[in-house]
Amino acid sequence: FFQEYNGVSIPPPEHPVQHAFGKKTLHEKLGKCSFQISPGAFFQVNTECAEALYNVAVEKVKEVSDKPEETLLFDVCCGTGTIGLTCMKEGVVGRVVGVDLSEPAIDDAKANADLNGYTTKEDDPDQL
């Protein structure tokens, strides 16, 4: 992939990225989950540290919820869905609502939910 940008800083997530050669997505395993990552979607590249951090998040959720199946996690700035899906896979939450400004990240988060065996419900506030 390559991206042309004439700005002073980082281009916005919707700025065009052109595929030149090879696969269109990367695949990574993080903990018990597998993830697809597209250009423009955030993914923590230091997987060892991310796993340690996510284990802390799982433990903190366990501390505040004694009914995982009734626990709803709002994953704000969810990126590719790593934290929410990790909490689902570890069984500490029953549902996740992922929120992100990056369309590529949301697309990947939805694909990653499917990849890890979860169904998605989109854009319907009555489904929360």
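Now for a look at the structure at hand. This is a predicted model, so every value here is computed, not measured.

Rules behind the numbers
Residues numbered from 1 in each chain as written. Predicted model: local features only at pLDDT ≥ 70, side-chain atom pairs only at ≥ 80, totals over all residues. Heavy atoms only, no water. Helix = DSSP H or I, 4+ residues; strand = E, 2+ residues; numbered from the N terminus. Expected span 1.5 Å × (residues − 1). Buried < 20%, exposed > 50% of the residue type's maximum accessible area, 1.4 Å probe, protein only. Contact = heavy atoms within 4.5 Å. Salt bridge = Lys/Arg side-chain N within 4 Å of Asp/Glu carboxyl O. Patch = residues over 30% accessible without salt bridge, like charges linked within 9 Å, V, L, I, M, F, W, Y side chains within 5 Å. Areas by Shrake-Rupley, 256 points an atom, 1.4 Å probe, with all protein chains shown as cover. Pairing = 2+ DSSP bridges. Right-handed = clockwise from strand over helix to strand, strands pointing away. Axes fitted to C-alpha atoms, helices over the stretch in contact; angles between N-to-C directions. Parallel < 35°, antiparallel > 145°, perpendicular 65-115°, else oblique. Left-handed = near helix turned anticlockwise from the far one by under 90°. Nonpolar A, V, L, I, M, F, W, Y, C, P; charged D, E, K, R; others polar.

## Some points on helix α3 (residues 103-115)
Moving on, step 1. When the terminal C-alpha atoms of α3 are compared, their 18 Å separation across 13 residues agrees well with the 18 Å that a helix rising 1.5 Å per residue should span.
Moving on, step 2. Three or more residues of α3 are buried, namely Pro-104, Ala-105, Ile-106, Asp-108, Ala-109, Asn-112 and Ala-113.
Moving on, step 3. Of the surrounding elements, those touching the buried residues of α3 are β2 (33-37), α2 (82-89) and β4 (95-99).
Moving on, step 4. With its phi angle positive at about 90°, Gly-117 sits one or two positions after the end of α3.

## Comments concerning the side chain of Ser-38
Moving on, step 1. Here Ser-38 lies in the loop between β2 and α1 (47-64).
Moving on, step 2. If we skip the residues at most four places from it in the chain, Ser-38 touches Thr-25 and Asp-108.

## A short note on the pattern of salt bridges
Moving on, step 1. This structure, assessed with the given rule, holds three salt bridges.
Moving on, step 2. Taking the shortest distance from any N to any O, the salt bridge between Glu-63 and Lys-60 comes out at 3.9 Å. Of this pair, Glu-63 and Lys-60 both sit in helix α1, three residues apart, roughly one helical turn.

## Quick look at a nonpolar patch on the surface
Moving on, step 1. On the surface, Leu-72, Phe-74, Val-76 and Val-99 cluster together into a nonpolar patch covering about 350 Å² of accessible area.
Moving on, step 2. Examining the composition of the nonpolar patch, we find that three residues originate from one element, strand β3 (residues 72-76), more than from any other.
Moving on, step 3. On the secondary structure map, Val-76 appears in strand β3.
Moving on, step 4. Judged by relative accessible area, which is 58%, Val-76 ranks as exposed.

## Some remarks on the pairing of β3
Every regular strand shows the same layout, with side chains that alternate between the two sheet faces.
Moving on, step 1. Side-chain alternation along β3 places Leu-73 and Asp-75 on a buried face and Leu-72, Phe-74 and Val-76 on a face that remains uncovered.
Moving on, step 2. Two elements, β3 and β4, share five bridges in a ladder whose sense is parallel. When the sheet's bridge partners are listed, Leu-72 is paired in β4 with Arg-95.
Moving on, step 3. Crossover handedness for the path β3 to α2 to β4: right-handed.

## Quick look at the packing of α1 against α2
Moving on, step 1. Where α1 meets α2, the axes come as close as 10 Å, and the angle between the chain directions of the two elements is 55°. With respect to each other, α1 and α2 are oriented oblique. Every pair of crossing elements has a handedness; the one defined by α1 and α2 is right-handed. Residue-level contacts link Tyr-54, Val-58 and Val-61 of α1 to Thr-82, Ile-83, Thr-86 and Cys-87 of α2.
Moving on, step 2. Partitioned by chemical class, the residues of the contact of α1 with α2 number five nonpolar, two polar and no charged.

Shape is all these values report; function is a separate question.
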